[in-house]
Amino acid sequence: MDVLGMIYDALMADPSIEETADGRIKFYEFPETGEVKAPFIIIDPINVPLPRDFADNTWMTYDCLFQIDVWSKKRNTTRELSGQIRHVMWNVGFSQGSGVDEWDKGTGIFRDARRYRGKLYRDDLGTL
């Protein structure tokens, strides 16, 4: 199960996210502050998918925890893009938890980092 790919595809399927951050959605990799001339989205797994919800001596679901950062030079762009990501993540089964909203005076970058937790059913249960 490629959860990173699933999240990326869901974000890219949203027209406003695709238009705002196309080509600047990264996994694990944070941009250099000098690169931030347009919004960046960084998807960072906080934990590996954990087996949950056991039945008949096997697990049925994965509990997943991700952090998604939005970096931009405009506060409203950062806020709006983060809100749209929350909406997309909700539609794929992830709810928002804690997060950080900060501004770096030296670089002028606004950063919104939100954590999302979701439960995904295994896609290989029919083959066991």
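Residues numbered from 1 in each chain as written. Predicted model: local features only at pLDDT ≥ 70, side-chain atom pairs only at ≥ 80, totals over all residues. Heavy atoms only, no water.

A.B. asks: For the overall build of the protein, give the residues involved together with the corresponding values.
C.D. replies: Secondary structure assignment for the protein yields three helices and six strands. The principal-axis extent of the C-alpha atoms belonging to the protein is close to 55 × 25 × 20 Å. Per-residue burial for the protein yields a buried fraction of 40% across its 128 residues. A separation of at least 24 residues holds for 60% of the contacts in the protein among residues at least 6 apart in sequence. Split by element, the accessible area of the protein, about 7500 Å² in all, is 50% carbon and sulfur. Considering the protein, the positive charge centre built from 16 side chains and the negative charge centre built from 21 side chains are found 8 Å apart. (Helix = DSSP H or I, 4+ residues; strand = E, 2+ residues; numbered from the N terminus. Buried < 20%, exposed > 50% of the residue type's maximum accessible area, 1.4 Å probe, protein only. Contact = heavy atoms within 4.5 Å. Areas by Shrake-Rupley, 256 points an atom, 1.4 Å probe, with all protein chains shown as cover. Lys, Arg positive; Asp, Glu negative; His and termini not counted. Charge placed at Lys NZ, Arg CZ, Asp CG, Glu CD.)

A.B. asks: Which residues make up the nonpolar core, and what values do they have?
C.D. replies: For soluble globular proteins, the rule of thumb is that nonpolar side chains tend to be buried together. In this structure, Ile7, Leu11, Ile41, Ile43, Ile85 and Phe94 are the most contacted members of the largest nonpolar core, which totals 23 residues. Counting residues per element, the ones that place at least two in this core are helix 1 (3-13), helix 2 (15-21), strand 2 (40-45), strand 4 (58-72), helix 3 (75-91) and strand 6 (109-121). It is helix 1 that provides the largest number of residues to this core, a total of six residues. Residue contacts for Ile7: discarding those within four places in its chain leaves Ile43, Phe66, Ile68, Met89 and Phe94. Grouped together as the second largest cluster of nonpolar side chains are five residues, Val36, Phe40, Ile42 and Ile109 included. (Core = buried A, V, L, I, M, F, W, Y, C linked by side-chain atoms within 4.5 Å.)

A.B. asks: Tell me what's going on with the side chain of Asp112, and back it up with residues and numbers.
C.D. replies: Examined against the element boundaries, Asp112 turns out to sit in strand 6. Here Asp112 falls in the buried class, since its relative accessible area comes to 7%. Of the polar contacts made by the side chain of Asp112, one reaches the side chain of Arg114; its length is 2.8 Å. Those residues in contact with Asp112, other than ones at most four positions away along the chain, are Ile68, Asp69, Val70, Thr78, Ser82 and Val100. (Polar contact = N/O pair within 3.5 Å; in protein donor to acceptor, adjacent residues only side chain to side chain.)

A.B. asks: I'd like to hear about the environment of Asp53, residue by residue, with values.
C.D. replies: Within the fold, Asp53 resides in strand 3 (residues 50-55). A relative accessible area of 36% means that Asp53 is categorised as partly exposed. Here the alpha-carbon distance between Asp53 and Tyr121, two residues 68 residues apart in the chain, equals 9.4 Å. In contact with Asp53, not counting residues within four places along its chain, are Thr58, Trp59, Met60, Thr61 and Lys119. For Asp53, the side chain forms a polar contact with the side chain of Thr61, separated by 2.8 Å.

Remember, this is a structural readout, not a statement about activity or role.
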